[in-house]
Amino acid sequence: MYKNLPKKLDNMLHIWSEFNMLSLKYNALNLAHGTPGIDAPPFLIENMVKAVREGNNQYTAVQGHPELREALSKFYSPRFKPAINRDLDPNTEILVTVGASSALNNAIVNLVDHGEEILTFEPFYPNYMSITKLGRGKFRTIPLKTSPTEDGSALNFEYDWDTFEESLGPQTKVVLLTNPHNPTGKCLRKEEIERITELLEEKAPQAYVISDDVYDFLTYDQDYEMFANVGDNWKKTITIYSGGKLMNCTGWKVGFLIAPPDLTREAALMHESSIFNLNVPGQVAIARSLDLLNQPFEGYNSYPEYVRSTFAKSKDDMVDIFMNSGIPFTPTVCEGGYFVLLDASAARSLIPDQFLTPGNYEDDKDTLVIQREFKNKVPLDYAFARWFCINKGITIMPGSSFCIEKEKDMIDNFIRVAICKPESIVQQTRQILSQ
Ligand SMILES: Cc1ncc(COP(=O)(O)O)c(C=O)c1O
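Every value quoted in this text rests on a predicted model; they were computed, and no experiment measured them.

**Q** How do you make sense of the overall build of the protein when you look at a structure like this?
**A** Helix and strand counts for the protein come out as 15 helices and 15 strands. Computed over its C-alpha atoms, the radius of gyration of the protein comes to 22 Å, within 12% of the 22 Å expected for a compact globule of 435 residues. Taken along the three principal axes of its C-alpha coordinates, the protein extends 60 × 60 × 50 Å. When each of the 435 residues of the protein is scored for burial, the buried share is 46%. Of all intrachain contacts in the protein linking residues separated by at least 6 positions in sequence, the fraction that spans at least 24 positions is 71%.

**Q** Teacher, can you tell me more about the site of the ligand here?
**A** Close contacts around the ligand come from 15 residues, with Gly 99, Ala 100, Ser 101, Asn 182 and Ser 242 the closest. Taken together, the elements giving at least two residues each to the shell around the ligand come down to α4 (99–111) and α8 (243–246). Broken down by element, the residue count for the shell around the ligand peaks at 3 residues, all from α4. Split by residue class, the shell around the ligand holds 3 nonpolar, 9 polar and 3 charged.

**Q** Help me understand the packing of helix α11 (residues 303–323) against helix α15 (residues 423–433) in this model?
**A** Helix packing geometry: the angle between the two helix axes and the distance between the axes. Between α11 and α15, the shortest axis-to-axis distance is 10 Å and the interhelical angle comes to 5 degrees. Put simply, α11 runs roughly parallel to α15. Every residue of α15 that contacts α11 at Ser 314, Asp 317, Met 318, Ile 321 and Phe 322 is listed here: Val 426, Thr 429, Arg 430 and Leu 433. Broken down by class, the residue content of the contact of α11 with α15 amounts to 5 nonpolar, 2 polar and 2 charged.

**Q** Looking at this structure, I do not really get the pairing of strand β8 (residues 208–212). What am I missing?
**A** Strand residues, when the strand is regular, have side chains that alternate between the two faces of the sheet. Of all 5 residues in β8, 5 are buried, a share of seventy percent or more. Where burial is concerned, the two faces of β8 agree: the one with Tyr 208, Ile 210 and Asp 212 and the one with Val 209 and Ser 211 are both buried. In terms of strand pairing, strand β7 (residues 172–178) meets β8 through 5 bridges, oriented parallel. Residue pairing across strands places Leu 176 opposite Ile 210, the latter belonging to β8. You can see the chain leave β7, run along helix α7 (residues 190–203) and come back into β8, and the turn it takes is right-handed. Judged from the 4 bridges that link them, β8 and strand β9 (residues 237–242) form a sheet pairing that is parallel. Paired with Val 209 across the strands is Thr 237, a residue of β9.

**Q** Got a minute to help me understand the sheet that holds strand β11 (residues 330–331) in this structure?
**A** Strands belonging to one sheet form pairs held by backbone hydrogen bonds; the direction of such a pair is parallel or antiparallel. Taken in spatial order, the 4 strands make up an open sheet running β11-β12-β15-β14, and their pairing is antiparallel. What marks the edges here is a single partner per strand, and that holds for β11 and β14 (397–398). Bridging between β11 and strand β12 (residues 339–343) involves 2 bridges; their strand directions are antiparallel. From the neighbouring strand, Thr 330 faces β12, where its bridge partner is Asp 343. Sheet contacts for α11: β11, β12 and β15 (414–418); angle to β12, the most-contacted strand, approximately 20 degrees.

The rules behind these values
- Residues numbered from 1 in each chain as written.
- Predicted model: local features only at pLDDT ≥ 70, side-chain atom pairs only at ≥ 80, totals over all residues.
- Helix = DSSP H or I, 4+ residues; strand = E, 2+ residues; numbered from the N terminus.
- Rg over C-alpha atoms; globule rule 2.2 N^0.38 Å.
- Buried ≥ 20, exposed ≤ 12 C-beta atoms within 10 Å, placed from the backbone.
- Contact = placed C-beta atoms within 7 Å.
- Near = placed C-beta within 6 Å.
- Nonpolar A, V, L, I, M, F, W, Y, C, P; charged D, E, K, R; others polar.
- Axes fitted to C-alpha atoms, helices over the stretch in contact; angles between N-to-C directions.
- Parallel < 35°, antiparallel > 145°, perpendicular 65-115°, else oblique.
- Pairing = 2+ DSSP bridges.
- Right-handed = clockwise from strand over helix to strand, strands pointing away.

Written out as structure tokens, the structure reads:
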């Protein structure tokens, strides 16, 4: 046994690995993780095959393949016009990364020094916390509050402005936004961006902002608003996108970071020292496909429009199916992205005691299914998720796995359902839950 290994991260497998293993073991329908159920468009695949055949198989420029940076500048410049009123410079304002994940890593690890704070809203995408820990930064969260919608039929997530204001200060190095948000599906409104901007100017003018906008093209009921486009925000903001999400090629792991030159350079330094280069044929294929995204596709105006309509319908249908499953759920308002949260607190009495009592979970040494240690009680959402997978045949994620330890007990009533699925998976869900 090795001893004294440095421990930078918790010795705990990410919860989604655990639930994926459980899902496989019980042959359940996996609505836990965000693998899009739609494949990449045929033109992207063609371009990938051509890129490989043409010999784009060796290292390229550190900051990303030049052809891709040019194409990204053309594709993203119009939306940054309100901020900079010119085109993005492909050499100094764009960095190509190994998915949005490594864009986040590059941005956070090099920006945040020992003990400096990253502030984000909770629940949050869990990698934010692990990357901050790796960078030796301090991770601080502000829980979103829920309130009933006007007609009382659903719950809305809202910002706690007072706590946000109190949490900002000279110690704040980065405010991390997710827009649209994972896991709540909340989208930033223009007035909310303005409020964040004002509070930052007042309380933490030195802070940078990382805006994780990987679901930018997936807003269901409102426009996508960009943090970088309000006031002087461009100067302090790193905006992150994912080619994998945009083109349903998540396995290729090509992402982009757009920021003013000083911030892009910082992230590029980290990128060069860690990754150096990534998937060149994928970069070439994406470069040649960005223009094609805007052509009509399957009866829709564009490929992103086709994906958005499919997932919007899946969202409505999935919520409907879960609400009519005989299990009492309260839906939350999902405005964008891959997931919807459902409040399962009224379902407690349906869950057998075995799942609610610590120490009773199976611990299967042949899989990654593990016995998590719960202090006094098993959070409702974990118990629900285990029971739902094993007994009902559908895997979902416990919502509190998107929370820090301190808040887990308070936010343990939500389950996260993936809605990034085509009609066939929706039908399968309907069939399973109507049994
Ligand atoms: C909010 C958020 N940011 C970043 C990522 C990572 O994206 P990529 O696959 O491009 O690394 C994900 C993936 O699910 C995500 O949900």
